[in-house]
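Okay, here's what each chain looks like letter by letter:
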Amino acid sequence: MSACGLSVAHGATREVLYVQMKEAPAIDAGAPDARRGRRMEGADPRQTHLRDVLPRDAAAAARFEALPALAGWLVSLPPTLIPPVRAALRHAPAVAFVAWHGIDTDPGDLLIDPRPPPTPPPASRVPRTLALGIIDLGADLSHPLLARAFGRVHGQPGTPGLAGDGRLVRSHGTAMAGIYAQLLTGMPLTASGFELPWLKLPRPVTLSDTLIARAGPETRAGRSDLLRALNWMMTPGTSRPLPDVINYSQGNGRLCSAAGRCRAARWTAVTQVLDRLVDEHHVTLVKSAGNHGDGDEDTMTVPGDTWNGITVGNMHAFDWTSCTPGAERAGHKIYRTSSVGPAATTLRRLDLVAPGVRITTTGVDPTWCERLCDRRPDLPCTFCARLGRHDRVRGGFWKTNSGTSPAAAVVGALALYLIDEGVRDPRAVKAVLINSADAWTSDGTPPPQVQGNGRGCRDDVLARRHGPYGHGSHYDRRYGYGYLNPAQAVVTARHARLGTVDASTPRCYGARLEPWDKLTLVWHRHAHAARPTTLDLALLDAHTLVPIDIDHGRLFDNLRQVSNGRGAAAVARARDVVVRVDAMGRERYALASRRALTPLARCPESRSRR
């Protein structure tokens, strides 16, 4: 058995536990590549500590794989030993939590990269970096668009497509990469053959680096591969920076069972790792909600339960009046397969929606897939032809892709633009994107059932009840806080504020708001806090100090939104306001507004509504 082949020992199936240590991840920029992802048998005192708490037979059988950038370990064991080991590790003083990941997946050779390392920049010049991280099923680096758009490319060893030889049997990762490449190079996206001009970024964005890592299967077992990818991605080198945005358009099992049994406030272990990286290492995370459609409970996939990341659903760029695809935003609806958030109104887990049906993007040459079909019965050979078709005008292979996956990549591209504009804190990035989105409502009804090609449109009676919500702030479990709006995000980014608040000193700002203007407050949930910090957001009339709108009291949630008028019956008018932020403890926050915010030296006391 190889040093990194952990899935089978003497022909026996093994399963994996993930062990998260209490100390924060120690990211070492000088760590040599050869040590990244190693099992490090007997080389770490923390491993010795973990072995000492295990039963003797389990300690002898356990194999430890270090994930130093995550301060965690993957522990591989025969299935019969999982329960006692899990129980023993839970009581180890240095352990934060233990999670079962199911069947062990072979990480492959994490230590050998056949490509020469990227040339480091000259020592005399330290360029400003803007780096994108993609965790997916590989990417075809031979595609001419990707070669132009991605700057220095760094790949986790073993990731398909890194050699640039087109040898891929899946096109999903290449398709996600193509969405970023099109938007960042200044191109508008095309949905069902129609350009979406409003989705074009204001200017091209230059990536200095792109990090591509390998995702595992979309099951619980794939969580181990996700953590391996994160460990590699969060271990910078002399020529490889940390990513500014991580795109994960995959999922590792549903948050809730198909029968609807669900813990509403669930925070899965692998999601805690991701949220910890967002919080402690200032990386923006975009995650696809999943493609399990509507339901009475949460239908998202792990890690869609992220609190600090941005979870994205899938809009259909389709005009229900004419029953044809169209670029006009007002006619677009959520697509029927897009996963929805919890029914509990206190848990607002879906953040945004973005176009994701029949998006034109980069594909893969199907030749390699077709060549392997005779030798690999496990390959989806009937789908080889759908990996991509050659386009002589644009160059390379192209295809269409649908789902919440491309929708997440659209949001990630806009996040990179905001970061390049100077909005670098992930709290502020999330606050700006959500505050600038246009509120949409489902009116409490399931999504329209029309198919991607429009079939069933004339008979779809649900569609007319879905549409823009024109009366201020609104959250909908099918649309989140609204439909991504790049033009408004650019305006909102100019007025975003970062601040710190504690229980004894609220923070206040003055502003002049137009009718229905929104403000969004975002802070982070911390992995090792005993209880989440609670912040409240209030909007007061500046002259009477009477509250206009208040958002408070939702435990676990780390986002608040108010508007100058809320609901169709509200009286909305332009006015001077005071924006007040209160907290139960000390917390760093971001506040986003479409209008300028002026910090006030002191907070006035609010008066009750009469």
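Residues numbered from 1 in each chain as written. Predicted model: local features only at pLDDT ≥ 70, side-chain atom pairs only at ≥ 80, totals over all residues. Heavy atoms only, no water.

Quick look at the overall build of the protein chain now. Along the backbone of the protein chain there are 11 helices and 32 strands. The buried share among the 610 residues of the protein chain stands at 59%. A separation of at least 24 residues holds for 81% of the contacts in the protein chain among residues at least 6 apart in sequence. When the accessible area of the protein chain is evaluated, it comes to approximately 23800 Å², of which 52% is carbon and sulfur surface. (Helix = DSSP H or I, 4+ residues; strand = E, 2+ residues; numbered from the N terminus. Buried < 20%, exposed > 50% of the residue type's maximum accessible area, 1.4 Å probe, protein only. Contact = heavy atoms within 4.5 Å. Areas by Shrake-Rupley, 256 points an atom, 1.4 Å probe, with all protein chains shown as cover.)

For a regular strand, side chains alternate in direction, first toward one face of the sheet and then toward the other. Buried residues dominate strand β5 (residues 72-77), accounting for six of its six residues. Because side chains alternate across β5, one face comprises the buried residues G72, L74 and S76, and the other comprises W73, V75 and L77, equally buried. As paired strands, strand β3 (residues 15-21) and β5 are joined by six bridges and run antiparallel to one another. Across the sheet, residue Y18 finds its bridge partner in β5, namely L74. Note that strand β4 (residues 63-67) and β5 share five bridges and pair antiparallel. Its bridge partner lying in β5, L67 is registered against G72. Where β4 folds back onto β5 in an antiparallel hairpin, the turn is made up of four residues, including A71, whose phi is positive at roughly 55°. (Pairing = 2+ DSSP bridges.)

Moving on, we get to the packing of aromatic side chains. Within the structure shown, the criterion is met by six aromatic pairs. Summarising the aromatic geometry, the rings of Y18 and F97 are spaced 6.3 Å apart at their centres and angled 55° between planes, so their arrangement reads as tilted. Of this pair, Y18 sits in strand β3 while F97 sits in strand β6 (residues 95-103), and the two are 79 residues apart along the sequence. Among the aromatic side chains, those forming a connected cluster through ring pairs are W198, W440 and Y483. (Phe/Tyr/Trp six-rings, centres within 6.5 Å; stacked < 30°, edge-to-face > 60°.)

Turning next to the packing of helix α9 (residues 404-420) against helix α11 (residues 486-493). α11 packs onto α9 with a crossing angle of 25° between their chain directions and a minimal axis gap of 11 Å. Of the possible angle classes, the one that applies to α9 and α11 is roughly parallel. Relative to α11, α9 is oriented so that their crossing is right-handed. Between α9 and α11, the residues in contact are L414, Y417 and L418 and P486, A489, V490 and A493, respectively. (Axes fitted to C-alpha atoms, helices over the stretch in contact; angles between N-to-C directions. Parallel < 35°, antiparallel > 145°, perpendicular 65-115°, else oblique. Left-handed = near helix turned anticlockwise from the far one by under 90°.)

In this section: the pattern of salt bridges. Inspection of the entire model under this criterion finds 24 salt bridges. Here R152 and D209 are joined by a salt bridge, their closest N and O atoms 2.9 Å apart. Of this pair, R152 sits in strand β8 (residues 152-155) while D209 sits in strand β11 (residues 209-214); the two residues are 57 residues apart in sequence, bridging distant segments of the chain. Since its relative accessible area comes to 24%, R152 is described here as partly exposed. Two residues, R228 and D225, come together in a salt bridge whose shortest N-O distance is 3.3 Å. Taken together, the residues R228 and D225, both in helix α6 (residues 222-233) and three residues apart, mark about one turn of the helix. Taken as a pair, R228 and D225 share a single burial class, namely buried. (Salt bridge = Lys/Arg side-chain N within 4 Å of Asp/Glu carboxyl O.)

Attention now goes to the state of the cysteines. Counted according to the given criterion, the structure contains three disulfides. Shown here is the disulfide that connects C369 with C384, its sulfur atoms set 1.9 Å apart. Measuring the twist about the S-S bond at about -60°, one finds the C369-C384 disulfide to be left-handed. Placement of C369 in helix α8 (residues 367-372) and of C384 in the loop between α8 and β20 (389-390) is noted, with a sequence separation of 15 residues between them. (Disulfide = S-S within 2.5 Å.)

Okay, the layout of surface pockets next. The volume enclosed by the largest pocket comes to roughly 1500 Å³. Contributions of two or more residues to the lining of the largest pocket are made by β13 (284-288), α8, β21 (397-401) and α9. Ranked by the residues each element gives to the lining of the largest pocket, the list is headed by β21, at four residues. For the lining of the largest pocket, the residue count by class is 15 nonpolar, 20 polar and 12 charged. (1 Å grid on protein atoms, 1.4 Å probe; cavity = no way out; pocket = protein on both sides within 12 Å on 5 of 7 lines; lining within 4 Å. Points joined across faces, edges and corners; volume = space filled by probe spheres on them. Nonpolar A, V, L, I, M, F, W, Y, C, P; charged D, E, K, R; others polar.)

Right, let's talk about the sheet that holds β3 for a bit. Strand order across the open sheet formed by four strands is β4-β5-β3-β6, with antiparallel pairing between neighbours. Each edge of the open sheet carries a strand with a single partner, namely β4 and β6. Direction aside, the axes of adjacent strands within the sheet are offset by 20° on average. Where α6 meets the sheet, its contacts fall on β3, β4, β5 and β6, and the angle it forms with β4 comes to roughly 45°.

Looking at soluble globular proteins, one finds that nonpolar side chains tend to be buried together. The biggest cluster of nonpolar side chains holds 109 residues, and the ones touching the most others in it are I135, F150, Y180, L230, V411, L433 and L484. At 12 residues, the largest contribution of residues to this core is made by α9. Beyond its immediate chain neighbours, meaning those up to four positions away, L484 contacts W198, L199, R329, L352, V353, A354, V410, V411, L414, L433 and A437. (Core = buried A, V, L, I, M, F, W, Y, C linked by side-chain atoms within 4.5 Å.)

Along the chain, S405 falls in helix α9. If near-sequence neighbours (up to four positions away) are discounted, S405 is found in contact with H172, M176, S249 and S288.

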